[in-house]
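Topology and contacts: notes
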Amino acid sequence: MESKIAIIYTTFIRDKLMYKTIQSIIKNWSNDYILLIGDQGNFTKKKKEFIIEITNQYKNIHYYKLDFDCGLSFARNFLVKKANKLKCKYCFLTADSIMFTKKYNLKPIIKFLETESKKGIIGFGLYGKTSWERNIELIPGQCFYLKTLNKSAIIFENNKFQPCEICKNFFLAKTECLINNKWDNQFKLLEHEDYFWRLKNSNKSYQVFYTDNIQGKYIYFKSSKYNYYRARMCSEFVYLLKKKYKIKRWIKHEII
């Protein structure tokens, strides 16, 4: 491969889950990886010992202690900027709730991305998580509308790539795509629809695809402390989303 792949890994006050899912990445490590950890939680003695151990063992693991509760969007933008400075051409977006299930072969994914300059993001599958591969529309004054897909899949060297406009937050992207299309830092949560809607409508828009050739495993683990902050998604940040787009509700799914 021409470039290192930056794993963009965000974590927030779920340390036990972080230890587990980082170990899954290390277990399935590739020499092409650079793991960039953005932690917006508290820094404990146990965490310090864990970080020292893995960063001493693997020179391509970098840990960044971010401001507490700086938000998911800020953390991702920060890590993508670091990836760009490290000259990583690709970013593999993941999080503390996702287990790597095997050593992934990303060469076919990258080869497909490189067939066209505007191919930007390839979404992956997640065991334990509902399908999120849709087209996205904004109904003025109403809500975001996730629609069923209407384009045929592309078969490229025996691999299937489905055109879509929004996918799960587990994907490989060209770093330039994420640099040109940043997450909105005001959304500490509920950044998903806002991001892909702006990506679709940006002057520097990139195409989005989905493949099930790569699969992770989503881990449901929400402590009472985590849930306290997570609950803001359906109050503070839904309000923020509705205000930004002048809509009455958050989202509606087309019935398949």
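The following paragraphs examine the structure supplied in this document. Computed from a predicted structure; not experimentally measured. (Residues numbered from 1 in each chain as written. Predicted model: local features only at pLDDT ≥ 70, side-chain atom pairs only at ≥ 80, totals over all residues. Heavy atoms only, no water.)

**Digging into the environment of T21**
Here T21 is to be found in helix α1 (residues 15–27). Considered as a pair, T21 and S224 are 203 residues apart in the sequence and their alpha carbons are 20 Å apart. Here T21 is in contact with Y9, A95, D96, S97, I98 and M99, once residues within four sequence places are set aside. (Helix = DSSP H or I, 4+ residues; strand = E, 2+ residues; numbered from the N terminus. Contact = heavy atoms within 4.5 Å.)

**Observations regarding unusual backbone geometry**
Of note, K87 is a non-glycine position whose phi angle comes to about 60 degrees, a positive value. Topologically, K87 is positioned in the loop between α3 (72–85) and β4 (90–95). Phi is positive for E157, which is not a glycine, with a value near 50 degrees. Take E157: it is sitting in the loop between β9 (154–156) and β10 (159–164). With a relative accessible area of 46%, E157 lands in the partly exposed category. (Buried < 20%, exposed > 50% of the residue type's maximum accessible area, 1.4 Å probe, protein only.)

**Describing α3**
Over its 14 residues, α3 runs 20 Å from end to end, which matches the ideal 20 Å to within 8%, given 1.5 Å per residue. Of all the residues in α3, the buried ones are L72, S73, A75, R76, N77, L79, V80 and A83. Against β1 (5–11), β2 (33–39), β3 (61–65), β4 and α5 (175–180) lie the buried residues of α3. Downstream of α3 by one or two residues, K87 has phi in the positive range, about 60 degrees. (Expected span 1.5 Å × (residues − 1).)

**Regarding the pairing of strand β7 (residues 135–139)**
Regular strands place side chains that alternate from one sheet face to the opposite one. The pairing of β7 with strand β8 (residues 143–147) spans five bridges and is antiparallel. Along β8, the bridge assignment pairs N135 with K147. Between the antiparallel neighbours β7 and β8 lie three residues, among them G141 with a positive phi of about 75 degrees. (Pairing = 2+ DSSP bridges.)

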